[in-house]
Amino acid sequence: MTQPYETVIGLEIHAQLTTNTKIFCGCSTEFGKTPNSQTCPVCLGLPGALPVLNRQVVEFAIKTGLATNCQIAPRSIFARKNYFYPDLPKGYQISQFELPVCEHGWQDIELEGGESKRIGITRIHMEEDAGKLIHGDTPEALGTSLVDLNRACTPLLEIVSEPDMRSADEAISYLKKIHQIVVYLGVCNGNLEEGSFRCDANVSVRPYGQAELGTRAELKNINSFRFIKEAIEHEVERQIDLIESGGKVVQETRLFDSNTGMTRSMRGKEEAHDYRYFPDPDLVPLVIDDSWIDAVRSSLPELPDAKRKRFIEKLGLPEYDAEVLASDRLLANYFDACVTHAKEAKACANWIMGEVLRKLKETDTLIGEVPISPVMLAELLDRIADNTISGKIGKTVFEKMWQTGRGADELIESEGLKQVTDTGAIETLVDEVIAANPDQVAEYLGGKDKLIGFFVGKVMQASQGKANPGMVNQLLIKRLKGN
Amino acid sequence: MTIYDLTLAELRTKLDNRELSAVEVAEAYRARIAATDQDVNAYITVCDESAMAEAKLADQALAAGEIAPLTGLPIAAKDIFNTAGLKTTCASRILENYIAPYDATVIARIKEQKAVITGKLNMDEFAMGSSNENSAFGATRNPWNLNHVPGGSSGGSAACVASRQAAAALGTDTGGSIRQPASHCGVVGLKPTYGRVSRYGVIAYASSLDQVGPITRDVRDSALLLQAIAGHDPADSTSIDTPVPDYQATLTQELTGLKVGLPAEYFIDGLDEDVRRAVEQAVATYKELGAEIVEVSLPHTSYAVACYYLIATAEASSNLARYDGVRYGVRTDQAENLIDMYMQSRAAGFGAEVKRRIMLGTYALSSGYYDAYYLKAQKVRTMIRQDFLDAFAKVDVLLTPVAPTPAFTIGEKTNDPLQMYLSDIYTIPVNLAGTCAMSLPCGFSAAGLPIGLQLIGKPFEEATILRTAHAFEQATEWHKRKPEF
Ligand SMILES: [Zn+2]
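Predicted, not measured: the structure shown is a model, and the values here were computed from it.

**Q** Even after reading the chapter, I still don't get the overall build of chain A, so can you show me in this structure?
**A** When helices and strands are counted, chain A shows 16 helices and 16 strands. Relative to a compact globule of 483 residues, whose C-alpha radius of gyration would be 23 Å, chain A shows 30 Å and is clearly more extended. Across the 483 residues that make up chain A, the buried fraction comes to 51%. In chain A, of all internal contacts separated by at least 6 residues, the share reaching a separation of at least 24 is 69%. Working note: accessible area of chain A is about 22,800 Å², and carbon and sulfur atoms make up 51% of it. Charged side chains in chain A number 54 positive and 71 negative. The centres of these two groups are separated by 2 Å.

This is the structure we're talking about:
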């Protein structure tokens, strides 16, 4: 009989910042350049070189802190984390240890069933990234490694959560929230494959009801949302099996292998670190005054949660629509711009989530590059709302707008797509259709009400789709019943 | 007239008057170095060719009337300063073939004025030492007596200036490394306030203590060279953005009413009698010059050496981690694996004292010891700084010995590191307090070795100690003595 265990998870997220230059020197942070071409004495760790803090990194840290309800430290300090590795040019990483820039934050996540849960954020601190090792894989180069320091000294934020998550799903939910926020803020591009957004998970289990935490393992090297779930679930299973079979979990770092779906221990010399943190004497304490915080606060965009809430409460969107539209900042901006010009928010939502997203996918286009501006889409929706065209014709117009970049009114006019609302003209078509289909008329009158759709289709076809479908329906019934 | 006996100020006049050309000056120094350096060993690298090229450029500038205060003046730099295109070794095996790709800010500043860099000077490896015996390229000798040490770690700089191998030199001072050798070699050494001069491009020993300063023949030259290197540098976050006064302008002001403090804790047992006599003589001179002598107390002085050897070594253990053989410097080719490569390269590249201090510092920062050592030392440092602030509430400058004894003999203290560390007992507190101080000649021992006087000033009050020193220099003849050499 398996004893029930509770899973406890805390996440350490590393978000690479989108500043143009590195955190402690003026080198470019551009990705994918010739190895070591974006380096200088500072990021190469040459003798005598000194770091100078990039102000924008601090601003990004404040932004992220405010967005996650953190307190911004009026005075924070940088520390050296000492260890040897060939990708670490100075033999220490400049990070923050005591007095990080942000502390005591939180982020709410939604649980299944609509309940919400608050996940504590212990701290957010700034630090520099290391370089990259390229291991020789040709026969001649086997056993040799090259060092590329282009990435060395690029800015990172480490966002450390409390051990507040109780399942892999909660961890994913929290991770996605943070991902959304940093991308929304524009401080990180959120690319998991390129490693711009990375996550380590501290996982432990304990019998339900036990207050103290179990021994944790730190899972590293997880570069997709799916893998994080797999890695956590596998690790929980491993720990429970271990305990059940009388073993003990040891505190260690484990690497996730996406090929096997397993984690394996990386116990050994590289793990036996005493980082000997101490304040970096090359950098003065970072002082952030209220006016700086206020300036950053006023530059914050509306965040996804607030947006979603507004979409539901102010615009009356269903929860699902609000969630989809708020998930991406540019998409939400597109929607907002459309709504301010259109009559109906729900119609905007439907069209953006339907036609616009479909088209983006089909044509592999980004929301920022859509050839139909929100104002143009609003105009199209208004023509549907005021019955100038039918929804169906609207889709044709949308297609043409996408291809030509021309406006809805212009296209409706030039293509003669205006809806027929003239009663007389529709009546003529109705009469023609009734006259041409005597058998179906007889069946209809014999009680086959469903056949009304057949007649509507015929009339619409005859009008080349331009007749107002509601009027067609009405006139058909009137005529058929009148017969 | 012997060219190499002229001070910076005298050379300036003669260059400006066309009595001399920069090339003539450079040639005189080249000959002087060639004639004397096999005895002194002050230089690690002598810049024959580049110095001559720089001298020619200086002459062109002089001819064109584009004259900066240092144009054409021969200045040498401790081998701790990065100098683009020149070997920069820090007197260590681990950097013996390292050619710097960039200039330290202070080097760039003197180059901009078209000074002529005569070469790179010997020192204790990574500035760790008080005798210059810890150089991977052989000990420097004291020009006053070749059996004696010149002091350290800027021993090459002080010996170079004393033996007329450059008109002036740049050194660094972490716990007395400018003042103590200046004292032992009978020259003037100034350690500015922490943050006054950029550390960018200066190979770090202990970042919170290191400071660049001039070593010169007299006080006026000290002011002249400090003027050229002082000032804010955006590349050094710890350099302070506060205006640099005109140090020459206030140099000759009278001392009447100046309050000179004598810290009781600095005149204790262990102070050599010759040194005590010379310093007491200096106190008498200051009285005659109109200064008011006040006894003060720096109560935490006895903790300074211990405090220093925790903080400095802790920082050094981290600062020297970059010498790992991966990107530059010595790398063993015997290594079996990565850890082996680190260990063998560093074992081969670093000297004994450097290793000792790295171990000491690593220990002080280790988990379980951090609070008891590093953190405690930081607290003590705050108290020592407060001692100085309290004293400076009562006096304008402090007057003390520089070192407890004149220069000791080569080999005398190499096997007793603790004894060696104590030779910086009067200079270390100034670095911990972060303020400015200088050493100037104030007498000679019975054995004919120079003795230095230390003047300590308030933070950023270099002008005050320069003026105080200048008045003493005007009243005495000590600085005019030259080693028979
Ligand atoms: Zn760089």
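**Q** Sorry, what's going on with unusual backbone geometry here?
**A** Negative phi values dominate among residues other than glycine, just as trans dominates among peptide bonds. With omega at 5 degrees, the peptide bond leading from G152 of chain B into S153 of chain B counts as cis. Along the chain, S153 of chain B turns up in the loop between strand 3 (116-121) and helix 5 (155-162). Within the chain, C153 of chain A stands out as a residue other than glycine whose phi angle is a positive 75 degrees. Considering the arrangement of structural elements, one finds C153 of chain A in the loop between strand 9 (145-148) and strand 10 (155-161). In this structure C153 of chain A comes out as buried when scored by relative accessible area, which is 3%.

**Q** Sorry if this is basic, but what is going on with the domain arrangement of chain A here?
**A** Interface size is commonly expressed as the accessible surface area that is lost when the partners come together. Residues and elements named next belong to chain A. The domain boundaries assigned to chain A delineate domain 1 (5-292), domain 2 (302-414) and domain 3 (423-481). A separation of 38 Å is found between the C-alpha centroids of domain 1 and domain 2. Across the contact, 10 residues belong to domain 1 and 11 residues belong to domain 2. Of the roughly 780 Å² buried between domain 1 and domain 2 on both sides combined, carbon and sulfur atoms contribute 48%. Of all residues in domain 1, E110, Q180 and Y184 give up the largest surface area on contact with domain 2, accounting jointly for 70% of the area buried on that side. One salt bridge connects K177 with D305, and the closest N-O pair in it is separated by 2.7 Å.

**Q** Looking at this model, I keep getting lost on the pairing of strand 11 (residues 450-457) of chain B. Mind explaining?
**A** A regular strand carries its side chains on alternate faces of the sheet. Residue and element names in this part refer to chain B. Taking burial as the measure, the eight residues of strand 11 include eight buried ones, the bulk of the element. Burial along strand 11 is two-sided: P450, G452, Q454 and I456 and I451, L453, L455 and G457, pointing in opposite directions, are all buried. Relative to strand 11, strand 9 (residues 397-401) runs antiparallel, the two being bridged by five bridges. Across the sheet, L399 pairs through a bridge with L455, a residue of strand 11. Where strand 10 (residues 436-444) and strand 11 come together, eight bridges link them in antiparallel fashion. From the neighbouring strand, S439 faces strand 11, where its bridge partner is Q454. If you look at the hairpin formed by strand 10 and strand 11, you'll find five residues sitting between the two strands, and G448 has a positive phi there, around 85 degrees.

**Q** I would appreciate a short explanation of the interface of chain A and chain B in the present structure.
**A** At the interface, 32 residues of chain A touch 40 residues of chain B. Interface of chain A and chain B: buried area, both sides summed, is about 2,800 Å²; carbon and sulfur atoms make up 58% of it. Contact with chain B buries surface across chain A, with P47, F84 and R276 of chain A losing the most and accounting together for 23% of the total. Seen at the junction of chain A and chain B, the total is one salt bridge. For R199 of chain B, the salt bridge goes to D282 of chain A, with nearest N and O atoms at 3.0 Å. Those elements that place two or more of their residues in the side of chain A that touches chain B are helix 1 (41-44), strand 4 (79-82) and strand 15 (278-279) of chain A. In terms of residues, the side of chain A that touches chain B owes the most to one element, helix 1 of chain A, which gives three residues. Here the side of chain A that touches chain B is built from residues that sort into 22 nonpolar, four polar and six charged.

**Q** Please explain the sheet that holds strand 7 (residues 116-128) of chain A as it appears in this structure.
**A** Strand pairing in a sheet takes place through backbone hydrogen bonds and is either antiparallel or parallel in direction. Residues and elements named next belong to chain A. One open sheet holds the nine strands; their spatial order is 2-6-7-10-1-11-12-13-14, and the pairing between them is mixed. In this open sheet, the two edge strands, each paired with only one partner strand, are strand 2 (71-72) and strand 14 (262-265). As judged from the 11 bridges shared by strand 1 (residues 5-16) and strand 11 (residues 197-207), these two strands associate in the antiparallel manner. In the strand pairing of strand 11, I9 is matched with V203. Lying on the sheet, helix 4 (residues 225-244) is in contact with strand 1, strand 11, strand 12 (217-222), strand 13 (252-257) and strand 14; it crosses strand 11 at an angle near 25 degrees.

**Q** Honestly, the sheet that holds strand 3 of chain B in this entry has me stumped. Any pointers?
**A** Residues and elements named next belong to chain B. Strand order in this open sheet of 11 strands is 1-3-2-4-6-5-10-11-9-7-8, and the pairing throughout is mixed. The sheet is open, and its two edges are formed by strand 1 (43-46) and strand 8 (292-296), each paired on a single side. If you compare each strand with its neighbour and ignore which way they point, the axes differ by 30 degrees on average. Relative to strand 10, strand 5 (residues 188-191) is paired through three bridges, and the arrangement is antiparallel. Of the residues in strand 10, the one forming a bridge with K191 is A437. The strands that helix 2 (residues 22-40) touches are strand 1, strand 2 (74-78) and strand 3; relative to strand 1, the one it contacts most, it runs at about 140 degrees. Along the sheet face, helix 7 (residues 219-229) touches strand 2, strand 4 (168-173), strand 5, strand 6 (211-216) and strand 10 and points at about 145 degrees away from the line of strand 6.

**Q** Even after reading the chapter, I still don't get the environment of I465 of chain B, so can you show me in this structure?
**A** Residues and elements named next belong to chain B. Among the structural elements, I465 can be located in helix 15 (residues 462-475). Its relative accessible area of 0% is what places I465 among the buried residues. As for I465 and N142, which are separated by 323 residues in sequence, their C-alpha atoms are 26 Å apart. In contact with I465, other than residues within four places in its own chain, are L190, V397, C436, A437, M438, L455, I456 and G457.

**Q** Before we go on, may I ask you to explain the packing of helix 13 (residues 423-436) of chain A against helix 16 (residues 469-482) of chain A in this structure?
**A** A pair of packed helices can be characterised by two numbers: the angle between their axes and the separation between those axes. Residues and elements named next belong to chain A. Remark: helix 13 packs on helix 16, axes separated minimally by 10 Å, with the N-to-C direction vectors making an angle of 55 degrees. Considering the angle they form, helix 13 stands oblique to helix 16. Crossing hand, helix 13 versus helix 16: right-handed. Packed against helix 13, whose contacting residues are T423, I426, E427, V430, D431 and I434, the element helix 16 presents M471, V472, L475, L476, K478, R479 and L480 at the interface.

**Q** What should I look at first to understand the coordination of the zinc ion in this one?
**A** Under ideal tetrahedral coordination, the four donors around a metal are separated by 109.5 degrees; under ideal octahedral coordination, the six donors are separated by 90 or 180 degrees. All names here are of chain A. In this structure, C25 (SG), C27 (SG), C40 (SG) and C43 (SG) serve as the protein donors to the zinc ion, at separations of 2.3 to 2.4 Å. Each of the four donor atoms bound to the zinc ion contributes to angles spanning 100 to 114 degrees, and the resulting shape is tetrahedral. We note that the donor set of the zinc ion lies within a single chain, spaced as C-x1-C-x12-C-x2-C. In this pair, C25 is assigned in the loop between strand 1 and helix 1 and C43 in helix 1, connecting sequence segments 18 residues apart. The class of C25 is buried, set by a relative accessible area of 11%. By relative accessible area, which is 2% here, C43 ends up buried.

**Q** What is the right way to look at the domain arrangement of chain B in this model?
**A** All names here are of chain B. Domain assignment breaks chain B into domain 1 (3-257 + 395-480) and domain 2 (302-378). Taken together, the contact pairs 27 residues of domain 1 with 25 residues of domain 2. Across the domain 1 to domain 2 interface the summed buried area is about 2,300 Å²; carbon plus sulfur atoms make up 68%. On inspection of domain 1 and its partner domain 2, the count reaches zero salt bridges. At the boundary of domain 1 and domain 2, one finds 11 residue pairs in polar contact (both at pLDDT 80 or more).

Reading the values: the criteria
Residues numbered from 1 in each chain as written. Chains lettered and ligands numbered in written order. Predicted model: local features only at pLDDT ≥ 70, side-chain atom pairs only at ≥ 80, totals over all residues. Heavy atoms only, no water. Helix = DSSP H or I, 4+ residues; strand = E, 2+ residues; numbered from the N terminus. Rg over C-alpha atoms; globule rule 2.2 N^0.38 Å. Buried < 20%, exposed > 50% of the residue type's maximum accessible area, 1.4 Å probe, protein only. Contact = heavy atoms within 4.5 Å. Areas by Shrake-Rupley, 256 points an atom, 1.4 Å probe, with all protein chains shown as cover. Lys, Arg positive; Asp, Glu negative; His and termini not counted. Charge placed at Lys NZ, Arg CZ, Asp CG, Glu CD. Domains from an automatic or database assignment. Buried area = accessible area lost by both parts, 1.4 Å probe. Salt bridge = Lys/Arg side-chain N within 4 Å of Asp/Glu carboxyl O. Pairing = 2+ DSSP bridges. Nonpolar A, V, L, I, M, F, W, Y, C, P; charged D, E, K, R; others polar. Axes fitted to C-alpha atoms, helices over the stretch in contact; angles between N-to-C directions. Parallel < 35°, antiparallel > 145°, perpendicular 65-115°, else oblique. Left-handed = near helix turned anticlockwise from the far one by under 90°. Donors = N, O, S within 2.8 Å, 3.2 Å for Na, K, Ca; no water. Tetrahedral: all angles 85-135°; square planar, octahedral: opposite > 155°, others 65-115°. Polar contact = N/O pair within 3.5 Å; in protein donor to acceptor, adjacent residues only side chain to side chain.

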